[in-house]
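# Observations on the model geometry
Take a look at the letters that make up each chain.
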Amino acid sequence: MKLKGLQTREIFKRKSQFLKRLLVFVCIVVLVSTAVFFAYRAIDSKINKGNSFINLKSKWNEYDYQGVYDISSAILYKKPFNIRARTYNGYAAFFLAVSQSDVVQALAYLEESINSLRIALQGARFGAVSQIEYMLGKAYFYKNLQSSYYYYADLAIHYLLKSKKDGYKADDIPELLGLTYASLGMTMESISAFTEALLVRESDILLLSIAEQYHAVGQNNAAEQYLFRISQECKDEQIILKSHLLMGNIYLEREQFDDAEKEFNLILEKNENSADAYYGLGVIYESKGDMVKARSEWRKALRIQNNHPLALKKMADYK
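This text gives an overview of the structure that appears in the document. (Residues numbered from 1 in each chain as written. Predicted model: local features only at pLDDT ≥ 70, side-chain atom pairs only at ≥ 80, totals over all residues. Heavy atoms only, no water.)

### Some thoughts on helix H11 (residues 220-233)
An α-helical turn contains 3.6 residues, so any two residues separated by three or four positions project in the same direction. If you check H11, its first and last C-alpha atoms are 21 Å apart, about what 14 residues at 1.5 Å a residue would give, namely 20 Å. The set of residues buried in H11 consists of Asn-220, Ala-222, Ala-223, Tyr-226, Leu-227 and Ile-230. Summarising the axial view, the buried residues of H11 lie within an arc of 160 degrees, below the 170-degree limit, and thus occupy one face. Exposed residues pointing more than 90 degrees away from the buried face of H11 are listed as Asn-221, Gln-225, Phe-228, Ser-231, Gln-232 and Glu-233. Buried positions along H11 lie against helix H9 (187-200), helix H10 (204-216) and helix H12 (237-253). (Helix = DSSP H or I, 4+ residues; strand = E, 2+ residues; numbered from the N terminus. Expected span 1.5 Å × (residues − 1). Buried < 20%, exposed > 50% of the residue type's maximum accessible area, 1.4 Å probe, protein only. Arc of directions from axis to C-beta. Contact = heavy atoms within 4.5 Å.)

### Section: unusual backbone geometry
Generally, phi is negative for residues other than glycine and the peptide bonds are trans, each holding for most cases. For Tyr-63, which is not glycine, the phi dihedral falls at a positive 60 degrees. Within the secondary structure, Tyr-63 is located in the loop between helix H2 (53-61) and helix H3 (65-78). A relative accessible area of 61% means that Tyr-63 is categorised as exposed. A positive phi angle, close to 65 degrees, is found at Glu-255, a residue other than glycine.

### Brief notes about the side chain of Glu-133
Following the sequence through the fold, Glu-133 ends up in helix H6 (residues 126-146). With sequence-adjacent residues up to four places away left out, Glu-133 is seen in contact with Leu-121, Tyr-159, Lys-162, Ser-163 and Asp-166.

### A closer look at the nonpolar core
Tyr-214, Tyr-226, Leu-227, Ile-230, Phe-264 and Trp-298 are the most contacted members of the largest nonpolar core, which has 43 residues in total. Broken down by secondary-structure element, the contributors of at least two residues to this core are H9, H10, H11, H12, helix H13 (257-270), helix H14 (275-287), helix H15 (291-304) and helix H16 (309-317). Among the elements that line this core, the one with the most residues is H12, at nine residues. Residues in contact with Tyr-214, not counting those within four places in the same chain, are Ile-191, Gln-219, Ala-222, Ala-223 and Tyr-226. (Core = buried A, V, L, I, M, F, W, Y, C linked by side-chain atoms within 4.5 Å.)

### Some words on H16
Buried residues of H16: Ala-311, Lys-314 and Met-315, and no others. Down the axis of H16, the smallest arc covering the buried residues is 95 degrees, so these residues share one side. In H16, the exposed positions that point more than 90 degrees away from the buried face belong to Pro-309 and Lys-313.

### Some remarks on the packing of helix H4 (residues 83-98) against helix H5 (residues 103-123)
Between H4 and H5, the least distance of the axes is 7 Å, while the angle of their chain directions is 155 degrees. The angle between the axes of H4 and H5 places the two elements in the roughly antiparallel class. Crossing handedness for the pair H4 and H5: left-handed. Facing Ile-83, Arg-86, Thr-87, Asn-89, Gly-90, Tyr-91, Ala-93, Phe-94, Leu-96 and Ala-97 of H4, the residues of H5 in contact are Ala-106, Tyr-109, Leu-110, Glu-112, Ser-113, Asn-115, Ser-116, Leu-117, Ile-119, Ala-120 and Gly-123. Its residues assigned to classes, the contact of H4 with H5 comprises twelve nonpolar, seven polar and two charged. (Axes fitted to C-alpha atoms, helices over the stretch in contact; angles between N-to-C directions. Parallel < 35°, antiparallel > 145°, perpendicular 65-115°, else oblique. Left-handed = near helix turned anticlockwise from the far one by under 90°. Nonpolar A, V, L, I, M, F, W, Y, C, P; charged D, E, K, R; others polar.)

### A closer look at the layout of surface pockets
Roughly 300 Å³ of volume is contained in the second largest pocket. Going through the elements one at a time, H4 and H6 are the ones with two or more residues in the lining of the second largest pocket. With five residues, the top contributor of residues to the lining of the second largest pocket is H4. Split by residue class, the lining of the second largest pocket holds seven nonpolar, three polar and two charged. (1 Å grid on protein atoms, 1.4 Å probe; cavity = no way out; pocket = protein on both sides within 12 Å on 5 of 7 lines; lining within 4 Å. Points joined across faces, edges and corners; volume = space filled by probe spheres on them.)

Structural data, given as structure tokens:
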């Protein structure tokens, strides 16, 4: 009986120790799990919600250019020559620039984009060089558009040609080159680039641009062919009006005054505020010797555009 009591106490003691150990084990597991959970949350927050490259790439994939700009700027504050951050910063600043309606803000973003991309170009891996050159060319192209004078056109051409030479392929390179050549008065180079762009993607603005360049070098027959193509299918009202204006000027140069008058009147039916159309009508009346009507048309042009250079010259010539 005494032996049985001892055995019972021994079993109870063992069970009690087992329960204590189990409880301690459970507590340890809970503590470790809690620690791991909060550590994971902290790390995840730092990596995916902070100024990290993982978060940077995530923002880029979401087309969140403001987020990319903010994170890359924070990284560059501590590491100003980090090439990866510079590249992202340059790209994001460019896309923010072209989305701005405020010219001053757009130019500020373009300046930052160009600065970051030029730094990134110095340390970029070979495979990334041509793309950075392409983006740098585009940044200079848009900066040239926003500027009063074409100070940056040569740099846009330089980097766009370099990216093309280094193997980068983008459909808009020929068109960008054509527009930039045109701004510098490099007409034949512009025509060549625009013609290449047509092989990639035909558009009414490209057809008009080529026509304008042919007109600039006196090849009006070639210009007329492109204007005819616009007249067949174009739906863009602004391009149609510009094509009528160019056709009217071509008729003026040929002294086909009746045809020119029709073109200018077509413009004024849709846009009564076209200073160029009124100027053209004035030239037609001048050719007929009706200076009263000619001066009247030039005054209309100047009421719409008080610094219209051709109308001002005509009014000065016939004081």
